[in-house]
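Secondary and tertiary structure notes
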Amino acid sequence: MRRMVWQLMTIGLVCMVLVACGGSEPDSTHSSDSVSTPVSTPVTPEVLPLKIGQVQWTTGTDPDTGAPLAIVDAFTTESPAIIAVVQVENLAAGTDFTATWALNDAPIAGTDMRVTAEDDMSSAWIAFSFTRDANRRYPVGQLGVTITASDGAMRESSVRIVFPD
């Protein structure tokens with residue numbers, strides 16, 4: 001009796017393995033109508049990291065795009081404006097940018113500037129500028145800027161301010 005129980009269990013096990021593996025010969029009458037559908041999981045869109053280009057110095061920016069109009073390597077004490085711009089990619093709404101300024105390596109008190117991105121953008125220009133009063137002049141020297149994004153990325157640059165020719 002014991003031997004018969006083992007034989008039945010062995011036969012049952014072999015049958016289960018054959019059913020699970022599909023047997024040794026394909027069944028031509030088998031229908032594939034019951035295809036299992038994978039469970040969908042929410043896909044989070046890939047967030048690309050913010051990229052900040054090098055600081056460029058310009059005399060003005062395009063009012064529509066913010067792109068620099070004329071790249072310069074120096075300003076005069078009589079320049080109407082001193083503008084530092086950076087091109088950014090993968091800009092997320094709410095990203096903050098700050099600019100801190102120094103003249104001849106000494107911080108300029110009260111000149112910190114801040115810009116916040118209002119929309120997501122694949123590419124944009126961020127600009128910071130000093131505009132002088134008509135009756136005042138910029139001091140001669142080396143003007144430096146440090147532009148920092150809220151994620152900690154930063155760019156530094158400096159430009160000469162010289163007497164006009």
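Numbering of residues starts from 1 in each chain and follows the order in which that chain's sequence is written. For this predicted model, a pLDDT threshold of at least 70 governs which residues receive local features, and a threshold of 80 or more governs which side-chain atom pairs are given and counted, while totals over whole chains, interfaces and linings are taken from all residues. Think of the side-chain values as coming from all heavy atoms in the structure, minus any hydrogens and water.

1. Quick word on the overall build of the chain
The condition that has to hold: What counts as a helix is a DSSP run of H or I of at least four residues, what counts as a strand is a run of E of at least two, and both are numbered from the N terminus. Partly exposed residues are those whose accessible area sits between 20% and 50% of the maximum for their type, while under 20% is buried and over 50% is exposed, using a 1.4 Å probe and protein chains only. Surface exposure here means Shrake-Rupley accessible area, sampled with a 1.4 Å probe, where a residue is shielded only by the protein chains that are shown.
The helix and strand tally for the chain stands at one helix and 10 strands. Along the chain, helices and strands appear, N-terminal first, in the series α-β-β-β-β-β-β-β-β-β-β. In the chain, buried positions account for 26% of the 165 residues. Per element, the accessible surface of the chain, about 11900 Å² overall, is 56% carbon and sulfur.

2. Regarding the pattern of salt bridges
Rules: By convention in these notes, a salt bridge is any Lys or Arg side-chain nitrogen within 4 Å of a carboxyl oxygen on Asp or Glu.
Within this structure, the stated rule accounts for two salt bridges. The salt bridge involving E78 is made with R137; its shortest N-O contact spans 3.7 Å. Of this pair, E78 sits in the loop between β3 (74–76) and β4 (81–91) while R137 sits in the loop between β8 (121–131) and β9 (141–149), and the two are 59 residues apart along the sequence. With a relative accessible area of 38%, E78 lands in the partly exposed category.

3. Some details on the packing of aromatic side chains
Test applied: Each Phe, Tyr or Trp ring (for Trp, its six-membered ring) is paired with any other whose centre lies within 6.5 Å, and the angle between the two planes then decides the class: stacked below 30 degrees, edge-to-face above 60, tilted in between.
Counted according to the given criterion, the structure contains three aromatic pairs. An angle of 75° between the planes, with centres 6.3 Å apart, marks the rings of W57 and F75 as edge-to-face. With W57 in strand β2 (residues 56–58) and F75 in strand β3, the pair connects residues that are 18 residues apart, well separated along the chain. One exposure class covers both W57 and F75, and it is buried. What links up through ring pairs into an aromatic cluster is the set W57, F75, W101 and F130.

4. Points about the layout of surface pockets
This is how it is decided: Grid points spaced at 1 Å and placed over the protein atoms alone form the basis of the search, with a cavity being a set where a 1.4 Å probe fits but cannot get out and a pocket an open set showing protein on both sides within 12 Å along at least five of seven lines. Lining residues have an atom within 4 Å of a point. Grid points are joined across faces, edges and corners, and a volume is the space filled by probe spheres set on the points. Residue polarity follows a fixed list, in which Ala, Val, Leu, Ile, Met, Phe, Trp, Tyr, Cys and Pro are nonpolar, Asp, Glu, Lys and Arg are charged, and the others, Gly among them, are polar.
Approximately 250 Å³ is the volume attributed to the largest pocket. Around the largest pocket, the lining comprises 14 residues; the ones closest to its centre are F130, R132, R137, Y138 and P139. By residue class, the composition of the lining of the largest pocket is eight nonpolar, two polar and four charged. Counted as a void, the second largest pocket has a volume near 160 Å³. Around the second largest pocket, the lining residues are T65, L91, F97, V115, T116, A117, E118, M121, S123, A124, W125 and I126. Going through the elements one at a time, β7 (113–116) and β8 are the ones with two or more residues in the lining of the second largest pocket. In terms of residue count, β8 provides more of the lining of the second largest pocket than any other element does, five residues in total.

5. Structural notes on the side chain of T111
Put simply, the rule reads: Contacts: residue pairs with any heavy atoms within 4.5 Å of one another.
Assignment of secondary structure puts T111 in the loop between β6 (106–107) and β7. For T111, a relative accessible area of 13% corresponds to the buried category. Not counting residues within four places of it along the chain, the set of residues in contact with T111 comprises A99, W101 and F130.

Function cannot be read off these values alone, since they describe shape.
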